[in-house]
Amino acid sequence: MAGRSHLRSVKRIAILASGSGSNAQRLIEHFAGSAGAQVVLVGCDQPAAGVLQRAWDLGVPSYLFNAADLRNGTVQRELQALRIDLVVLAGFLRLIPADLVNAFPERIVNIHPALLPKFGGKGMYGHNVHHAVIAAGEQESGITIHYVNERYDEGEHLFQATCPVLPGDTPDTLAARIHALEHAHYPAVVEKLVRALPPTP
Ligand code: GAR
C-alpha cells in the first residue's frame, strides 16, 4: 500500500536518558522539523529525571522502566514493538545488555562528554568525567559520539569534537562548554546516521 510505505520512510528514533535531558530536547526539536525522521519515544530509568518533563512539554511519549526491565528484555520488546530504527542514548547511565545491542546492530549510539578512550568506563558520567579531566591537568576535552556495544564507552567512534580546558575551570564551567558542543553536533550526527540506515523490516 503506497500510504504505508510512505509512512515507513520516516525513520523512528527512540532516545534513552537518565537525567536533565538537554540533549534529548535538542534532538526532539531538531527532528520535529525533519521529514525524514522523528523522535517517537523517550525512554527513562529515573522517575525524577528532568527529561520526562521535557518530553511531556514537547509532546513526545515517554516510557519509564527500571533496571530489571532493561536486563530481562522488556525494554527491547518495547523498542521492537514500536519499530524503532535508531536508539540514541543521551545521558543514559545504565549498561546496555548484550541482547539489546545484538537486536539493534549499529543502531544504538551514545554521546560521551570527553575524548574517548580517555575518561570512559563504568562510573564515568556527567560531572565525574569533568572532575577527572580537570584533575588530570588536561588542556583539551571534548565529546565522542560512538556506537554502543555491551561494554561502557567502547564502541566504534563516529565523531569527536574538542574544546579547551581553561585555567580555573570547575566541573560546572567545563560541563557548560561540553554541553554547548554536544548540542551543536549531536543532532546533525544522528541525522546523518539515520538517513543512511536501511529501513527496519
Ligand atoms: C551529557 O553531557 C552526556 O554526554 C553525558 O551526560 C550528560 C547528559 O546531559 N553522558 C554521559 O556521561 C554518559 N557516560 P543532558 O541530560 O543535559 O543531556
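Criteria and thresholds
- Numbers given to residues run from 1 along each chain, matching the order in which its sequence is written.
- Selection of residues for local features in this predicted model requires a pLDDT of at least 70, selection of side-chain atom pairs for listing and counting requires 80 or more, and totals for whole chains, interfaces and linings are taken over all residues.
- With hydrogens and water stripped out, all remaining heavy atoms of the structure feed into the side-chain values.
- Cavity means a closed set of points on a 1 Å grid over the protein atoms alone, one where a 1.4 Å probe fits but cannot get out, pocket means an open set with protein on both sides within 12 Å along at least 5 of 7 lines, and lining means a residue has an atom within 4 Å of a point.
- Grid points are joined across faces, edges and corners, and a volume is the space filled by probe spheres set on the points.
- For the purposes of this entry, the term helix denotes a DSSP run of H or I that reaches at least four residues, the term strand denotes a run of E that reaches at least two, and both are numbered from the N terminus.
- Ten residue types, Ala, Val, Leu, Ile, Met, Phe, Trp, Tyr, Cys and Pro, are classed as nonpolar, four, Asp, Glu, Lys and Arg, as charged, and the remainder, Gly among them, as polar.
- Salt bridge, as used here: a side-chain nitrogen of Lys or Arg that lies within 4 Å of a carboxyl oxygen of Asp or Glu.
- A 1.4 Å probe rolled over the protein chains alone gives each residue an accessible area, and that area as a share of the maximum for its type sets the label: buried under 20%, exposed over 50%, partly exposed in between.
- Any residue with a heavy atom positioned within 4 Å of a molecule or strand is treated as near that molecule or strand.
- For this analysis, a polar contact is any N or O atom pair within 3.5 Å, provided that within protein one partner can donate a hydrogen and the other can accept it, and provided that sequence-adjacent residues contribute only side-chain to side-chain pairs.
- Where accessible areas are quoted, they stem from the Shrake-Rupley method and a 1.4 Å probe; at the residue level, only the protein chains shown are allowed to cover.
- Cavities and pockets are treated as containing a molecule whenever more than half of the molecule's atoms lie within 2 Å of their grid points.
- Paired rings are identified among Phe, Tyr and Trp, the last through its six-membered ring, by centres lying within 6.5 Å, and are further divided according to the angle between planes into stacked (under 30 degrees), edge-to-face (over 60) and tilted (the rest).
- Here, residues are in contact when the closest pair of their heavy atoms is within 4.5 Å.

K.L.:
Go over the layout of surface pockets with me, naming the residues and quoting the values.
P.N.:
Here the largest pocket is characterised by a volume of approximately 680 Å³. Lining of the largest pocket is provided by 37 residues; of these, G91, F92, L93, Y125 and G126 occupy positions nearest its centre. Elements that contribute at least two residues to the lining of the largest pocket include exactly α2 (22-32), β5 (108-112), α7 (126-135) and α8 (171-196). With four residues, α8 is the single largest residue contributor to the lining of the largest pocket. Considering only residue class, the lining of the largest pocket consists of 14 nonpolar, 17 polar and six charged.

K.L.:
Residue-level account of the pattern of salt bridges, with values.
P.N.:
The full count for this structure, using the stated rule, is six salt bridges. A salt bridge links R151 to E150, with the shortest nitrogen-to-oxygen separation between them at 3.4 Å. Taking relative accessible area as the criterion, R151 reaches 42% and is therefore assigned partly exposed. Residue R195 pairs with E191 through a salt bridge whose shortest N-O separation is 2.7 Å. Of the two residues, R195 and E191 are both situated in helix α8; the distance of four residues between them amounts to about one turn of the helix. Here the residues in one salt-bridge network are E150, R151 and E154, joined through shared partners.

K.L.:
Can you tell me about the site of the ligand, naming the residues and giving the values?
P.N.:
By nearness alone, 14 residues border the ligand, and G21, S22, N23, G126 and E182 come closest of all. Residue M124 places a main-chain N or O atom 3.3 Å away from a nitrogen atom belonging to the ligand. Relative to its unbound accessible area of 450 Å², the ligand is 91% covered by the protein chains. Judged by the fraction of its atoms near the pocket grid, the ligand is located in the largest pocket. Those elements giving two or more residues to the shell around the ligand turn out to be α2, β5 and α8. Along the lines of polarity and charge, the residues of the shell around the ligand split into four nonpolar, nine polar and one charged.

K.L.:
Just give me the short version of the packing of aromatic side chains, but keep the residues and values in it.
P.N.:
A full pass over the atoms with the stated rule returns two aromatic pairs. Ring centres 5.4 Å apart and planes at 45° place the aromatic pair Y63 and F65 in the tilted group. Each member of the pair, Y63 as well as F65, is classed as buried. Measuring from centroid to centroid gives 6.0 Å for F65 and F92, while their planes differ by 55°, and the two rings are tilted. Of the two residues, F65 is situated in the loop between β3 (62-64) and α4 (67-71) and F92 in the loop between β4 (86-89) and α6 (98-103); the sequence distance between them amounts to 27 residues. Grouping residues by exposure puts F65 and F92 together as buried. Site record: aromatic cluster; members linked through ring pairs are Y63, F65 and F92.

K.L.:
Summarise the environment of R54; cite the residues concerned and give the values.
P.N.:
Along the chain, R54 turns up in helix α3 (residues 50-58). Classification of R54 as partly exposed rests on a relative accessible area of 26%. Considered as a pair, R54 and V42 are 12 residues apart in the sequence and their alpha carbons are 9.7 Å apart. With near-sequence residues (within four places) excluded, R54 lies in contact with S20, G21, S22 and Q25.

K.L.:
Explain α2 residue by residue, including any values.
P.N.:
Three or four residues apart is the spacing at which side chains of an α-helix point the same way, because the helix has 3.6 residues per turn. Here α2 has its buried residues at S22, N23, A24, L27, I28 and F31. Buried residues along α2 sit in contact with β1 (11-17), β2 (37-44), α3, β4 and α8.

K.L.:
Would you mind going over unusual backbone geometry in detail, with residue names and values included?
P.N.:
Here L116 and P117 are connected by a cis peptide whose omega angle stands at 15°. Mapping P117 onto the fold places it in the loop between β5 and α7. One non-glycine residue, E106, lies in positive phi territory at about 50°. Relative to the assigned elements, E106 resides in the loop between α6 and β5.

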